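Listed below, chain by chain, are the residues.
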2 protein chains.
Amino acid sequence: MKRTLISELFQMEEKQVLLKGWIHKIKEFGNFAFVVLRDKTGLVQLVVDDVNIINQLKLEMSVEISGQLKKNEKAPGGVEVHVEKMRILGNIYYDLLPFSINQIKVQTTLENELDYRYISLRRPDRRVVFKVQQEVTEAFRRYLIEKGFSEIHTPKIIASGTEGGSEMFTVKYFENRAFLAQSPQFYKQMMVGSGFEAVFEIGHAYRAEPHNTWRHLNEYVSLDVEMGFIEDENDLMDLEEGFINFLYDHLKETCREELKLLNIELGTINKIPRITLQDVQKILEDVFGKSSPSGNIDAEGEVLLSKYIKEKYDSDFVFITKYPVSKRPMYTMPDSKEEGMTRSFDLIYKGLEITSGGLRIHDYEMLKGNIIKFGLKPEDFSFYLDSLKYGMPPHGGFAIGLERITMKLLDLDNTRQSTLLPRDMNRIEP
Amino acid sequence: MKRTLISELFQMEEKQVLLKGWIHKIKEFGNFAFVVLRDKTGLVQLVVDDVNIINQLKLEMSVEISGQLKKNEKAPGGVEVHVEKMRILGNIYYDLLPFSINQIKVQTTLENELDYRYISLRRPDRRVVFKVQQEVTEAFRRYLIEKGFSEIHTPKIIASGTEGGSEMFTVKYFENRAFLAQSPQFYKQMMVGSGFEAVFEIGHAYRAEPHNTWRHLNEYVSLDVEMGFIEDENDLMDLEEGFINFLYDHLKETCREELKLLNIELGTINKIPRITLQDVQKILEDVFGKSSPSGNIDAEGEVLLSKYIKEKYDSDFVFITKYPVSKRPMYTMPDSKEEGMTRSFDLIYKGLEITSGGLRIHDYEMLKGNIIKFGLKPEDFSFYLDSLKYGMPPHGGFAIGLERITMKLLDLDNTRQSTLLPRDMNRIEP
């Protein structure tokens, strides 16, 4: 007999069914029991009156059951299955679950949930976070492919860093020392120049930053974009704004149930304001009496700015533009109209930076000069620099942190909640 | 004026157009020149009669040109563009190209092509390999999502290896030593048990194998699948056979032009034979007088077997089943009917192994016993082993090497040809 998924039961006629899943809940009443069975699609109530079966039941064992699907107004969803046979598929070897997962709330710490990811993810409200995350990548891919972008896979083992080697993990690569890539920056630019013109990559990025906060991960998934033959950084912000619109529509369509379960109303995307860093700093000073570090705003500033933007423009997003040269990487295009400024931007979403982007320097001599100005050595970037010798077109791009955008979409408190198996300073297992 | 892509020109009326791309070829004839312009979509002939423009032209510079689109039967594709204005977008800084890319054949070594990837990929016949590769991942994703699989991203920085730590790259992770994952094996199994039931991942895998051959890469993209609540390994082979069918159909539909350019006829997929290793070894011995290593076949055996299967079954694919326990990892399900054998398989495609897969041990006590039998320590696999304590259902999976399947689909000679930027023992740049 073919397996029926639990979600299919609610539209079916009364009949014999075969289900597979985990024992989510057991309520015994003398010689019968109500049992909740869980599979990847949902929960259903089972009625068990065979004492032999009842005696075998343990929470979280995986089973196959066959029985009669019956309508019952009093049962959740209006149906229940009267169990005739049960076969244990996956046995249990524990005395007590590390924490209960069939209650309305989880009574444990985030650390404990992460230590036992294979338990906590069994809760639908934990698992659906990753359905939404999957649809974020799906939307990103669909949106860009429709615009003629190519998806690429670039190496994560690299010989030299985009920023000169600081805050990178080192790898012993046969007899050499190598690094884990902080971003596909050089490679995505190179692929634009290699004739792909417009590329994206969904892949891991590594930061050896010694920060252990709610918003830092040492390994994360980066949604990277790079686009050639553009006029200026507004083309990039237009592209990202278009994506955010597409994403919201896509999630409303594909994650209706998941968003409902998590109690999330996505709202609508209005025109995303684009404000220069200088003006942002002034707003923070004038409205909140908050001073900012030179050439940037801090984490508190991001939160206050988002509060202000939400009230004034009814937008959860805001682009900050024109960062100073000193605060951006050496490959960032300087602003020819404003001395000391660059044609770059960040995107802030609900008080958190989720994107950094900008126009890049595409001229060989100009980049070489800039590398020297930054006190770096051109020979340390030779393959990257050389790739600009052969008619590199004007280009730029940006990157979105997948865990960060997922966290903010779902109003979670910590990026670890939107990471299946996070890596941080203290966590390398499971 | 809006940019027109070159591929769009061939269906258009005669009119003013704006093109962007690279100078692919220049043929001067006194006071006019035929120039071939290249963009990501194709090539078109330009006619330039302005000597000022002709004098500026250099191969591979990137330009914007505007001019009149004209029909001309003698021009390739029946159209040409008479250039009125040209703007240089990306200048060149070289005397000679490292090798010519506008001839019918590339007159250089693979090593040189890889050193100058940003040059060699400008050839359409090099770049379309990665369009096909993108559609392989696209087909994999579409096929599995339709079957209810979830896409996951699991860590590549790990604390211990699936095989006990041999042939892994080590990473300095803050004060600890970590490894780069050889495969998402433990994590994809864990996610099946965490309630996703069926998962896939498209991500990097790392092998510190000291082999520098046409079929080895030290960093590659693995198409990984794991599926719970299955009956036996035939469910997995059915799934993979279904994918191969889907893939061929998908490529014929989405890569018609690319396959034509590369002169590839995909053919049709017949039922893929499933033959036990023992029978395969016997065939090699009887038909080719070829003896095999104990419990496996070697690279030459894979080639001979494929020749035999092609002739006898008209199939480019063959599953080899029932590998001995001693040749498979400790988590492989033993065959209860045949002492010393496992419920595992490989898939050979045109003489090359592209997949390893099998049923896994899902019972905690059984896996613990097997780890000990293998001379390994259960405590070295504690988080993995522990994840089997909570009702892990029967499950199994397989993995396909993306570069390998692309290579064989396109009859390439070396996996490096189907890798944008390969990593091997001697290559870590660009």
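In this text the structure is predicted, and so the values were computed from the model without any measurement. (Residues numbered from 1 in each chain as written. Chains lettered and ligands numbered in written order. Predicted model: local features only at pLDDT ≥ 70, side-chain atom pairs only at ≥ 80, totals over all residues.)

1. Concerning the overall build of chain A
Item 1. From N to C terminus, chain A includes 13 helices and 16 strands.
Item 2. Each of the 430 residues in chain A was classed as buried or not, and the buried ones make up 47%.
Item 3. Put simply, of all contacts in chain A between residues at least 6 apart along the chain, 61% involve residues at least 24 apart. (Helix = DSSP H or I, 4+ residues; strand = E, 2+ residues; numbered from the N terminus. Buried ≥ 20, exposed ≤ 12 C-beta atoms within 10 Å, placed from the backbone. Contact = placed C-beta atoms within 7 Å.)

2. Some thoughts on the relation of the copies chain A and chain B
Item 1. You can overlay chain A on chain B at an RMSD of 0.0 Å; the transform is a turn of 180 degrees with a shift of 0.0 Å along its axis. With respect to symmetry, the two chain copies, as superposed, fit the operation of a two-fold axis. Every residue of chain A has its C-alpha some distance from the rotation axis, and the shortest such distance is that of Val 171 of chain A, at 2.3 Å.
Item 2. Comparing interface residues between copies, 100% of those in chain A also lie at the interface in chain B; the contact surface is shared. (Least-squares fit on C-alpha atoms with pLDDT ≥ 70 in both.)

3. Looking at the nonpolar core
Item 1. One finds Val 171 and Val 318 of chain A together with Val 171 and Val 318 of chain B to be the most contacted residues of the largest nonpolar core, which totals 184 residues.
Item 2. With near-sequence residues (within four places) excluded, Val 318 of chain B lies in contact with Ile 272, Pro 273, Ile 275, Leu 305, Ser 306, Ile 309 and Ile 348 of chain B.
Item 3. Core analysis: the next-biggest nonpolar cluster, separate from the first, contains 22 residues, Val 35, Val 48, Leu 59 and Val 83 of chain B among them. (Core = buried A, V, L, I, M, F, W, Y, C linked by C-beta atoms within 7 Å.)

4. Digging into the pairing of strand 2 (residues 32-39) of chain A
All names here are of chain A.
Item 1. Here strand 1 (residues 16-29) pairs with strand 2 via seven bridges, running antiparallel. Within the sheet, the bridge partner assigned to Phe 29 lies in strand 2 and is Phe 32.
Item 2. Where strand 2 lies against strand 3 (residues 42-48), seven bridges are found, and the strand directions are antiparallel. Paired with Val 36 across the bridge in strand 3 is Gln 45.
Item 3. In textbook terms, the turn of a hairpin is the stretch between consecutive antiparallel strands, and for strand 2 and strand 3 this stretch comprises two residues. (Pairing = 2+ DSSP bridges.)

5. Section: the interface of chain A and chain B
Item 1. Counting from both sides, the interface comprises 70 residues of chain A and, opposite them, 70 residues of chain B.
Item 2. For the side of chain A that touches chain B, the element with the most residues is helix 6 (residues 185-196) of chain A, which contributes six residues.
Item 3. When the residues that make up the side of chain A that touches chain B are grouped by side-chain class, the tally is 36 nonpolar, 16 polar and 18 charged. (Nonpolar A, V, L, I, M, F, W, Y, C, P; charged D, E, K, R; others polar.)

6. Section: the domain arrangement of chain A
Item 1. The assigned domain composition of chain A is domain 1 (6-96) and domain 2 (124-418).
Item 2. In this structure, domain 1 of chain A and domain 2 of chain A have C-alpha centres spaced 47 Å apart. (Domains from an automatic or database assignment.)

7. Some words on the environment of Glu 302 of chain B
Residues and elements named next belong to chain B.
Item 1. Its location among the elements puts Glu 302 in helix 10 (residues 299-313).
Item 2. For Glu 302 and Cys 255, which are 47 residues apart along the polypeptide, the C-alpha to C-alpha distance reads 28 Å.
Item 3. Dropping the residues within four chain positions of it, Glu 302 is found in contact with Ile 297, Ile 348, Gly 351, Leu 352 and Glu 353.

8. Quick look at the packing of helix 5 (residues 124-146) of chain A against helix 13 (residues 402-409) of chain A
Residues and elements named next belong to chain A.
Item 1. The geometry of helix 5 relative to helix 13 is characterised by a closest axis approach of 10 Å and an angle of 120 degrees between their N-to-C directions. Overall, the two elements helix 5 and helix 13 adopt an arrangement that is oblique. Read as a crossing pair, helix 5 and helix 13 show a hand that is right-handed. Taking contact as the criterion, the partners of Val 129, Val 132, Gln 133, Val 136 and Thr 137 in helix 5 are, on helix 13, Leu 402, Ile 405, Thr 406 and Leu 409.
Item 2. Of the residues contributing to the contact of helix 5 with helix 13, the split by class is six nonpolar, three polar and no charged. (Axes fitted to C-alpha atoms, helices over the stretch in contact; angles between N-to-C directions. Parallel < 35°, antiparallel > 145°, perpendicular 65-115°, else oblique. Left-handed = near helix turned anticlockwise from the far one by under 90°.)

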